[in-house]
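Residue-level listing of the chains:
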Amino acid sequence: MDTMTTTAATTTTSVVRFESVTKSYGDVRAVDGLTLELHPGETVALLGPNGAGKSTTLDLLLGLKNADSGTVRVFGTGPREAIVAGRVGAMLQSGGLMDEVTVGELVKLACDLHPRPYRADEVLARASIAQIADRKVNKLSGGQAQRVRFALATAGDSDLIVLDEPTTGMDVTARQAFWATMREQADQGRTVLFATHYLEEADAIADRVLVLHRGRLLADGTAAEIKAKAGARRVSFDLEGTIEEAPLRALPFLTSITVSKSGSGQTVRIQSSDADATVHALYGLGVYPRNLEVAGLGLEQAFVAITEAEEATLAAEEAASK
């Protein structure tokens, strides 16, 4: 099948739909009433702290685990049916690659097994591994193994590509090339869902960001909307000499503050839920900040602020219930 003339199948059905899905392991509820929907052509980042339920969510989507309750539909069918039909390609961290076979042999096998295969030489080239096609799989570096996993996930004309921490072990150049390829996949109408700890990737690549926390969907929107949801801004400045930290920590609307020594003075970085009021009070202390900057939170800071606020809310609810 020629990749130059093939595009993903169009569909009016949701690509993925979770409806009130739960999954527990003993007393631990990994996914807790999760409801979400993915649409054709979206590039979606799945974020969450360790233990948030990201891997379990992907396992449920791929039919590797069954939900305790609720429904998971992929292209309007069960996950396994969609995978057997060749509509889903996946790149997972878990599971090893076959040893004692070459990269070329493994990729050819994946192409032969796919219902809508690409040519093996095209897949090798797209994953930038043609030059190591004759190398045994167990002789690969971590970054090379990741590119092989990507090749296996894109061995055929799938409509949904699922990636779990796809660029782990890749250098900067390989990561940039990888995401350029993923943009091409999305431009052809495919849906790309990826879980990552590299929040700068989510900020730069994703059309949509999903934040999971304790198995629940905590935030869903564009990266800009997630940043706005955090409701805080960054304030940074330098001070000549040193002053006591206590007055700085008493400034209004602070959500966090760090004070570090810088030359003969101090550098202060603040997160504030009302930056204007914080800066006004700062001048009221009689200090004169230099290099004053006020900016919105980056996605990483917003992610931390949102999850920490949720943890504080849950802790307060648990304390009140005792």
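Here is a short report on the structure shown in this document.

## What to know about the environment of Pro115
Phase 1: Relative to the helices and strands, Pro115 resides in the loop between helix H3 (103-113) and helix H4 (120-126).
Phase 2: Taking C-alpha positions, Pro115 is 23 Å from His39, a pair spaced 76 residues apart along the chain.
Phase 3: Residue contacts for Pro115: discarding those within four places in its chain leaves Val84, Ala85 and Gly86.

## A word on the layout of surface pockets
Phase 1: Counted as a void, the largest pocket has a volume near 710 Å³.
Phase 2: Together, 26 residues line the largest pocket, and Gly89, Ala90, Ala110, Leu152 and Ala153 are the ones closest to its centre.
Phase 3: Class assignment for the residues of the lining of the largest pocket results in 18 nonpolar, 7 polar and 1 charged.
Phase 4: Roughly 270 Å³ of internal volume is contained in the second largest pocket.
Phase 5: Those elements that provide at least two residues to the lining of the second largest pocket are helix H8 (223-230), strand S11 (254-262) and helix H11 (299-321).
Phase 6: Counting residues per element, the lining of the second largest pocket draws most heavily on H11, at 6 residues.
Phase 7: Grouping the constituent residues of the lining of the second largest pocket by class yields 7 nonpolar, 6 polar and 2 charged.

## Regarding the pattern of salt bridges
Phase 1: By the definition in use, this model includes 19 salt bridges.
Phase 2: The salt bridge partner of Lys108 is Asp112, with a shortest N-O separation of 2.9 Å. Of this pair, Lys108 and Asp112 both sit in helix H3, 4 residues apart, which is roughly one turn of that helix.
Phase 3: One salt bridge connects Arg119 with Glu122, and the closest N-O pair in it is separated by 3.7 Å.
Phase 4: By relative accessible area, Glu122 is classed as buried at 14%.

## Section: the packing of H3 against helix H5 (residues 142-153)
Phase 1: The geometry of H3 relative to H5 is characterised by a closest axis approach of 9 Å and an angle of 25 degrees between their N-to-C directions. Put simply, H3 runs roughly parallel to H5. Of the two possible hands of crossing, H3 and H5 adopt the one that is right-handed. Residues Val103, Leu106, Val107 and Ala110 of H3 form the contact with H5, whose own contacting residues are Val148, Ala151 and Leu152.
Phase 2: Among the residues forming the contact of H3 with H5, the class breakdown is 7 nonpolar, no polar and no charged.

## A word on empty space enclosed by the protein
Phase 1: Going through the model one piece at a time under the given rule, you end up with 2 cavities of 30 Å³ or more.
Phase 2: Approximately 40 Å³ is the volume attributed to the largest cavity.
Phase 3: Val16, Phe18, Leu36, Leu38, Leu46, Thr57, Leu61, Leu193 and Leu210 are the residues that line the largest cavity.
Phase 4: For the lining of the largest cavity, the secondary-structure elements that each account for two or more residues are strand S1 (16-25), strand S2 (28-38) and helix H1 (54-61).
Phase 5: Taken together, the residues of the lining of the largest cavity sort by class into 8 nonpolar, 1 polar and no charged.

## What to know about the sheet that holds S11
Phase 1: Spatially, the 4 strands line up as an open sheet ordered S11-S12-S10-S13, and their pairing is antiparallel. Edge strands, defined here as strands with exactly one partner in the open sheet, are S11 and strand S13 (290-296). Strand after strand, the sheet turns through a mean of 10 degrees between neighbouring axes, direction not considered.
Phase 2: The pairing of S11 with strand S12 (residues 265-272) spans 8 bridges and is antiparallel. Opposite Thr258, over in S12, you have Arg269 as the bridge partner.

## A word on H1
Phase 1: The buried count for H1 comes to 7 of 8 residues, which makes it a mostly enclosed element.
Phase 2: Those residues of H1 not exposed but buried are Lys54, Thr56, Thr57, Leu58, Asp59, Leu60 and Leu61.

## Some remarks on the packing of aromatic side chains
Two aromatic rings, taken as a pair, are described by how far apart their centres are and by the angle between their planes.
Phase 1: Enumeration according to the criterion identifies 3 aromatic pairs in this entry.
Phase 2: A centroid spacing of 5.0 Å and a plane angle of 85 degrees characterise the contact between Phe178 and Trp179, whose relative ring orientation is edge-to-face. Like Phe178, the residue Trp179 is buried in the burial classification.
Phase 3: Here Trp179 and Phe194 contribute two aromatic rings whose centre-to-centre distance is 4.6 Å and whose plane-to-plane angle is 55 degrees, an arrangement assigned as tilted. Taken together, the positions of Trp179 in helix H6 (residues 172-187) and Phe194 in strand S7 (residues 191-195) put the pair 15 residues apart, joining distant regions of the chain.
Phase 4: By relative accessible area, which is 4% here, Trp179 ends up buried.
Phase 5: Judged by its relative accessible area of 0%, Phe194 falls in the buried class.
Phase 6: Between the NZ or CZ atom of Arg87 and the centre of the ring of Phe75, over which it lies, the distance is 3.9 Å.
Phase 7: The ring of Tyr198 is capped by Arg175, whose NZ or CZ atom sits 4.0 Å from the centre of that ring.

Rules used throughout
- Residues numbered from 1 in each chain as written.
- Predicted model: local features only at pLDDT ≥ 70, side-chain atom pairs only at ≥ 80, totals over all residues.
- Heavy atoms only, no water.
- Helix = DSSP H or I, 4+ residues; strand = E, 2+ residues; numbered from the N terminus.
- Contact = heavy atoms within 4.5 Å.
- 1 Å grid on protein atoms, 1.4 Å probe; cavity = no way out; pocket = protein on both sides within 12 Å on 5 of 7 lines; lining within 4 Å.
- Points joined across faces, edges and corners; volume = space filled by probe spheres on them.
- Nonpolar A, V, L, I, M, F, W, Y, C, P; charged D, E, K, R; others polar.
- Salt bridge = Lys/Arg side-chain N within 4 Å of Asp/Glu carboxyl O.
- Buried < 20%, exposed > 50% of the residue type's maximum accessible area, 1.4 Å probe, protein only.
- Axes fitted to C-alpha atoms, helices over the stretch in contact; angles between N-to-C directions.
- Parallel < 35°, antiparallel > 145°, perpendicular 65-115°, else oblique.
- Left-handed = near helix turned anticlockwise from the far one by under 90°.
- Pairing = 2+ DSSP bridges.
- Phe/Tyr/Trp six-rings, centres within 6.5 Å; stacked < 30°, edge-to-face > 60°.
- Lys NZ or Arg CZ within 6 Å of the ring centre and 35° of its normal.

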